[in-house]
Amino acid sequence: MTIPPTKSHGRKSIQASVKPRELMSTDPRLAQAWQAQVITLFPEAFPGILGLSLTGRALKDRLWQLSTVDLRTFGEGRHRNVDDTPAGGGAGMVLRPDVMGRAIEHAQRGQSVRTPLIYLSPRGRPMTQAMAQSLAAGPGVTLICGRFEGLDQRVIDHYDVTEVSMGDFVLTGGEIPAQALIDACVRLLPGVLGNTASAEEESFSTGLLEHPQYTKPALWKNHDIPDVLLSGHHAKIREWQRVQSEDLTRDRRPDLWAEHLRHTTKPET
Ligand SMILES: C[S@@+](CC[C@H](N)C(=O)[O-])C[C@H]1O[C@@H](n2cnc3c(N)ncnc32)[C@H](O)[C@@H]1O
């Protein structure tokens, strides 16, 4: 079987205007950049939203690299079948282990450093900011996007794949979760966010939800901005934000609040 080249995103040369799809190129000079490889039946879905705004700028600036592996090209037979009926019966189709196995091995052969292999799956560990921080600190990720009823369990077991979920809901495929995971990691890479303080202060970074934000105009539809935020008194503003952050977390996310208390409450002596 002829293995097609992997599609890569990342800029070879700086041009005046570059479209998101033109960010795809294989460039060995980017070997040191954070690598996101995505195995998918829909490579045309990438870079998608990742080609815009801060992540798109960072892709052009070679702060990270994106490549897709087209699962279809590893399919069986003339029709390049990638799925089959579930063993034991039941609705839908399941992604074949031999097809996915070939795609994974192809993806890993191209890597100078092995990156964590993650299957986006509603059964997985819920994605967290801590997970994004840990992945962003590594060499990159190899992501498997499921479709249909999902992936043959033997692939998950054989390649020691980590399953990661974007939440307790079911999407039609892993492409949107893959883009969400990559976005959460890329914005933490050095140089991606203009103002690094914003990554340190936002929700979850401190273990708490972020305080409410306001901007101009000072009065809008009879709603004003809390006086303290216009006082210019930085200590009082910080204190107000801290209290808001704690109140919101206590009300909306008792799980995060309990975790916060566990870390901040000193054990009695
Ligand atoms: C229709 S879903 C399969 C759902 C599977 N039969 C189940 O009940 O767990 C198809 C694919 O979408 C992706 N997906 C759907 N929901 C997801 C979620 N909450 N988090 C991550 N990936 C998800 C996965 O890659 C999954 O293999």
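Refer to the structure printed above.
The sections below set out a description of the structure shown in this document. For clarity, every value in this text was computed on a predicted model and none was experimentally measured.

So, on to the overall build of the protein. Along its length, the protein carries eight helices and 10 strands. Going through the 269 residues of the protein one by one, you find that 42% of them count as buried. Put simply, 72% of the contacts in the protein that link residues at least 6 apart link residues at least 24 apart. Accessible surface computed for the protein: about 15800 Å², of which carbon and sulfur atoms make up 54%.

For the rest of this paragraph, the subject is the pattern of salt bridges. Taken as a whole, this structure holds 13 salt bridges when the rule is applied. Ionic pairing is found between Arg-242 and Glu-239, a salt bridge with its closest N-O pair at 2.7 Å. One end of the pair is Arg-242 and the other is Glu-239, both in helix H7 (residues 234-252) and three residues apart, which spans about a single turn. Overall, the relative accessible area of 40% leaves Arg-242 in the partly exposed class. Linking Asp-247 and Arg-250 is a salt bridge whose minimum nitrogen-to-oxygen distance equals 2.9 Å. Of the two residues, Asp-247 and Arg-250 both sit in helix H7, three residues apart, roughly one turn of that helix. With a relative accessible area of 31%, Asp-247 lands in the partly exposed category. Look at Arg-250 and you get partly exposed, because its relative accessible area is 36%. Counted as one network, the salt bridges with shared partners bring together Asp-84, Arg-96 and Asp-98.

Our focus in this paragraph is the site of the ligand. In the region of the ligand, 20 residues are neighbours, and Tyr-119, Leu-120, Gly-146, Phe-169 and Leu-171 sit closest. Between the ligand and the protein, one listed contact pairs an oxygen atom with a backbone N or O atom of Leu-120 at 2.5 Å. Residue Gly-167 places a main-chain N or O atom 3.1 Å away from a nitrogen atom belonging to the ligand. For the ligand, whose unbound accessible area comes to 580 Å², protein coverage reaches 85%. Per element, the largest residue contribution to the shell around the ligand is four residues, and it comes from strand E6 (residues 117-126).

This next bit is on the pairing of strand E7 (residues 140-145). For E7, the tally of buried residues reaches six of six residues, placing the bulk of the element in the interior. The sheet contact formed by strand E2 (residues 34-40) and E7 spans five bridges and is parallel. Paired with Ile-39 across the strands is Ile-144, a residue of E7. With four bridges joining them, E6 and E7 adopt parallel strand pairing. Directly across from Ile-118, in E7, lies its bridge partner Leu-143.

Taken together, the buried positions of helix H3 (residues 129-136) are occupied by Gln-129, Met-131, Ala-132, Leu-135 and Ala-136. Along the axis of H3, the buried positions cluster into a sector of 155 degrees, meaning they face one direction only. Each element contacted by the buried residues of H3 is listed here: E2, E6, E7, strand E8 (162-165) and helix H5 (175-186).

The subject of this paragraph is the nonpolar core. Most often, soluble globular proteins have nonpolar side chains that are buried together. In terms of nonpolar packing, the biggest core is built from 28 residues, with Trp-34, Trp-64, Leu-66, Leu-143, Leu-181 and Ile-182 touching the most fellow members. Elements supplying a minimum of two residues to this core: E2, helix H1 (53-60), strand E3 (64-70), E6, H3, E7 and H5. Of all the elements, H5 adds the most residues to this core, at six residues.

What follows is about a nonpolar patch on the surface. Among the surface-exposed residues, Phe-169, Leu-171 and Ile-176 lie close enough to one another that they form a single nonpolar patch of about 310 Å² accessible area. Relative to the helices and strands, Leu-171 resides in the loop between E8 and H5. Taking relative accessible area as the criterion, Leu-171 reaches 41% and is therefore assigned partly exposed.

Here we take up helix H2 (residues 97-109). Taking 1.5 Å of rise per residue, the 13 residues of H2 would be expected to cover 18 Å, and the 18 Å separating its terminal C-alpha atoms lies within 8% of that figure. Buried residues of H2: Val-99, Met-100, Gly-101, Ala-103, Ile-104, His-106, Ala-107 and Gln-108, and no others. Against the buried residues of H2 lie E2, E3, strand E5 (94-95), E6, E7 and helix H4 (153-158).

Under the defined criterion, the tally for this structure stands at zero aromatic pairs. Of note, Arg-250 hangs over the ring of Trp-257, and the distance from its end group to the ring centre comes to 4.7 Å.

Attention now moves to the side chain of Gln-108. Counting through the fold element by element, Gln-108 comes out in helix H2. Relative accessible area serves as the criterion here: at 13%, Gln-108 is assigned to the buried category. When neighbours within four sequence positions are excluded, Gln-108 is seen to be in contact with Arg-114 and Leu-117.

About the cut-offs
Residues numbered from 1 in each chain as written. Predicted model: local features only at pLDDT ≥ 70, side-chain atom pairs only at ≥ 80, totals over all residues. Heavy atoms only, no water. Helix = DSSP H or I, 4+ residues; strand = E, 2+ residues; numbered from the N terminus. Buried < 20%, exposed > 50% of the residue type's maximum accessible area, 1.4 Å probe, protein only. Contact = heavy atoms within 4.5 Å. Areas by Shrake-Rupley, 256 points an atom, 1.4 Å probe, with all protein chains shown as cover. Salt bridge = Lys/Arg side-chain N within 4 Å of Asp/Glu carboxyl O. Near = heavy atom within 4 Å. Polar contact = N/O pair within 3.5 Å; in protein donor to acceptor, adjacent residues only side chain to side chain. Pairing = 2+ DSSP bridges. Arc of directions from axis to C-beta. Core = buried A, V, L, I, M, F, W, Y, C linked by side-chain atoms within 4.5 Å. Patch = residues over 30% accessible without salt bridge, like charges linked within 9 Å, V, L, I, M, F, W, Y side chains within 5 Å. Expected span 1.5 Å × (residues − 1). Phe/Tyr/Trp six-rings, centres within 6.5 Å; stacked < 30°, edge-to-face > 60°. Lys NZ or Arg CZ within 6 Å of the ring centre and 35° of its normal.

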